[in-house]
Structure formats: C-alpha cells, structure tokens
Amino acid sequence: MGIDPYRTLTILVTSMLILASQSPRRRSLLAMLGLDFAVDTADIDETMDPALPPETEVARLSEAKARAVEQKHPGDLILTADTVVVVDGCVLGKPHDAEEAKAHLRRLSGRSHTVMTAFCLLQNGLADVHVEKTHLHFKPLSEGEIAAYVASGSPMDKAGAYGIQDQAAVFVRAIEGDYYNVMGLPLCALVQCLRRRGVAVLGTVEP
C-alpha cells in the first residue's frame, strides 16, 4: 500500500512518523494531536494463539506489524497498534458477519469486559511496546437495540463489534481507564512514549 500523508502541524525533523494501521480512528486521533505522519500498512498473519494470554498476543502482533513495516522505512519511527475486546478470558475480534456481530453484543450485554490496546513504537530496531487496559460495563441490551446497531453496519470493522465513539456509546454504563484506548490508541501513554523518542506533542519533548 502506498503512502497516505496526513498534513498537520508538527514536523519530525530527523525522521517521519509512519502509522502502520488502516484504522480511520487512529488516523484521526494522531491528527488531533497535531502530528505530521504518513500511513503505510503491513500485511501479516494476525491470527492469535488462544492458548496464550490475550495481553501477550496483542503485544506480539503490534510489534510484528512494526517490524514488517520498518523494512520499507529504515530510520523512520513506526507506530503500530492492535486492539482486542476480552470477556471471560476470550478474545472477541472483528465480526465476520452480522450474526457474529449480534453474538458478540449478546455476550457483552449486561456484563463487564476489558479492551486491550497494544501499541509499538519502533525505530532502528529498538521497540517500545505498551499494553493499555480499559474496563467497561454494558447495560443489558435488548434484541431490538442489537439488531438496529448491527443493521447500521458500524460493528463490522471493530473489535468486539462496537465503537464507543458511535451509537454504541449508549450501551456503556461505566468505564474505568483511558477512553481513547477503546477507540484504538491510548493517547496519554502514547504521548509519553513519543516524547521520549524526541517527538514534540503540545510543544513538549521529554528531557
């Protein structure tokens, strides 16, 4: 896939920030921070091993994506991320069809679950991998709500079959942790890592 530049405010002097993700939500969040970046994604096997902890697997995939993209952009700062929804120790990924989306939402109805996003910052072979967890509780969902939300098409490209930034916001009774983590990028933790890498955000770089 070719480079997809997003022109914003801050310019990286010594290297380009490459976002290795097709997620429009991650693009909009980086743009919101005023960062100059380009998009170039990696094509890797994203199958997770169900025998391993979800936290381990989401971190592994995030770093694997970064290392695949680094080969095309030596010297640049690569950012990747992977998000999963976990309930009862099981990972709910992106639904393959409407029926699976409904099944995901029924499983989350009236219960608590955890959203895990792992991001990786990689440059010159040196990787920083961070896993952020946000805990959410859904109200009980009616079959009518589930059917209407799935019919909107919104669940189909989202882990767990919902997006907290869209109509599914009305499902969330309580949240503990980083809201933006649920969207796909934990901004507080990410900015700290970017600043340590010499990227100025809001005019600040870590000493």
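So, here's what we can say about the structure.

1. Description of the state of the cysteines
Consideration 1: Applying the stated criterion across every chain yields a total of zero disulfides.
Consideration 2: Free cysteine Cys-120: the closest other cysteine sulfur is in Cys-193, separated by 9.8 Å.
Consideration 3: A relative accessible area of 0% places Cys-120 in the buried class.

2. What to know about the packing of helix α3 (residues 98-108) against helix α4 (residues 143-151)
Consideration 1: In contact at an axis separation of 10 Å, α3 and α4 are set at 135° when each is read in the N-to-C sense. Accordingly, the angle class assigned to the pair α3 and α4 is oblique. Considering only the axes of α3 and α4, their crossing is right-handed. Residues Ala-98, Ala-101, Lys-102, Leu-105 and Arg-106 of α3 touch α4, and the partners they reach there are Glu-143, Ile-146, Ala-147, Tyr-149 and Val-150.
Consideration 2: Among the residues forming the contact of α3 with α4, the class breakdown is seven nonpolar, no polar and three charged.

3. Considerations on the nonpolar core
Taken as a class, soluble globular proteins show a tendency for nonpolar side chains to be buried jointly.
Consideration 1: Core analysis: the biggest nonpolar cluster contains 43 residues, and Leu-30, Leu-35, Leu-79, Leu-105, Tyr-162, Leu-190 and Leu-194 have the highest contact counts within it.
Consideration 2: With residues up to four places along the chain from it excluded, the contact list for Leu-79 reads Leu-17, Ile-18, Leu-19, Ala-20, Leu-30, Phe-119, Cys-120, Leu-121 and Leu-190.

The rules behind each value
Residues numbered from 1 in each chain as written. Predicted model: local features only at pLDDT ≥ 70, side-chain atom pairs only at ≥ 80, totals over all residues. Heavy atoms only, no water. Disulfide = S-S within 2.5 Å. Buried < 20%, exposed > 50% of the residue type's maximum accessible area, 1.4 Å probe, protein only. Axes fitted to C-alpha atoms, helices over the stretch in contact; angles between N-to-C directions. Helix = DSSP H or I, 4+ residues; strand = E, 2+ residues; numbered from the N terminus. Parallel < 35°, antiparallel > 145°, perpendicular 65-115°, else oblique. Left-handed = near helix turned anticlockwise from the far one by under 90°. Contact = heavy atoms within 4.5 Å. Nonpolar A, V, L, I, M, F, W, Y, C, P; charged D, E, K, R; others polar. Core = buried A, V, L, I, M, F, W, Y, C linked by side-chain atoms within 4.5 Å.

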